[in-house]
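Architecture at a glance
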Amino acid sequence: KMLARQGHFAQSDEVVSLIQTQLAAVGINVEVDLMEKSAWMTETIHKRLAYLQGENVTMNYHMGLDAWVSDTLFAGDDLYSLYTTTTDHNWCFYDNPEVDQLIRFSVSMAPYEERVEAALKAQEIMMQDVAMIPLFVQEFLEASSPKYKGHIILPNCYDYFLEAYFEE
């Protein structure tokens, strides 16, 4: 069973159909539940929060289609949001304390090179663990002009950014 959110991103409905068709061609029959946003959130984020609060939850899906855009352009930021054990967007329920430690270090105030090394090591472990299998990746392009001055990419104020600011 596959969970997908209707109209989640441009051509998401077509992507779901394509994935279903391609998997059927190799003998994997996929039943797709295409949900509107509130139902999708109940099956993903809300269920994850219930799990984190100690509730016994039933997983109804073997795979899901989600969209994610890197807003800070740093792997550690996206790893933190999607794969640390205690975050609500980790709806694939990935749990590895060593990876959590590496990801948290990657978003710390440590020297940049050490943070990049930690993010790379976390990703290597996740690939060995098969934390997820991406079925579809779409490029996200942005453009700018040398005439445009003063643009700064700000963090989303995730917990780790707030902790870092309040420690100083």
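To keep things clear, this report deals only with the structure shown in the data block. (Residues numbered from 1 in each chain as written. Predicted model: local features only at pLDDT ≥ 70, side-chain atom pairs only at ≥ 80, totals over all residues. Heavy atoms only, no water.)

A separate point is the nonpolar core. Note on soluble globular proteins: their nonpolar side chains tend to be buried together. Counting residues in hydrophobic clusters, the biggest one holds 15 residues, and the most contacted among them are L79, Y83, Y94, V99, I103, A122 and M126. Contributions of two or more residues to this core are made by α3 (75-83), α4 (97-106) and α5 (112-129). Here this core takes five residues from α5, the largest share from any one element. The next biggest cluster of nonpolar side chains, apart from the first, holds nine residues, and it includes V16, I19, L23 and V30. (Core = buried A, V, L, I, M, F, W, Y, C linked by side-chain atoms within 4.5 Å. Buried < 20%, exposed > 50% of the residue type's maximum accessible area, 1.4 Å probe, protein only. Helix = DSSP H or I, 4+ residues; strand = E, 2+ residues; numbered from the N terminus.)

As a further point, take the side chain of R48. Mapped onto the elements of the fold, R48 is located in helix α2 (residues 37-52). For the buried residue R48, which engages in no salt bridge, the nearest side chain bearing the opposite charge is D95, 7.1 Å off. When near neighbours in sequence (up to four residues on either side) are disregarded, R48 contacts T84, T85, T86, T87, D88, N90, W91 and F93. (Lys, Arg positive; Asp, Glu negative; His and termini not counted. Salt bridge = Lys/Arg side-chain N within 4 Å of Asp/Glu carboxyl O. Contact = heavy atoms within 4.5 Å.)

For the rest of this paragraph, the subject is the sheet that holds strand β3 (residues 63-65). Strand order in the open sheet formed by three strands is β2-β1-β3, and the pairing between neighbours is parallel. Looking at which strands have only one partner, the edges of the open sheet turn out to be β2 (32-35) and β3. In this sheet, neighbouring strand axes are inclined to one another by 20 degrees on average, regardless of whether the strands run parallel or antiparallel. Bridge count between strand β1 (residues 2-5) and β2: four bridges; the pairing is parallel. Bridging across to β2, M2 finds its partner in V32. Seen against the sheet, helix α1 (residues 12-25) touches β1, β2 and β3 and runs at an angle of roughly 145 degrees to β3. Along the sheet, α2 contacts β1, β2 and β3; its crossing angle with β1, the most-contacted strand, is approximately 135 degrees. (Pairing = 2+ DSSP bridges. Axes fitted to C-alpha atoms, helices over the stretch in contact; angles between N-to-C directions.)

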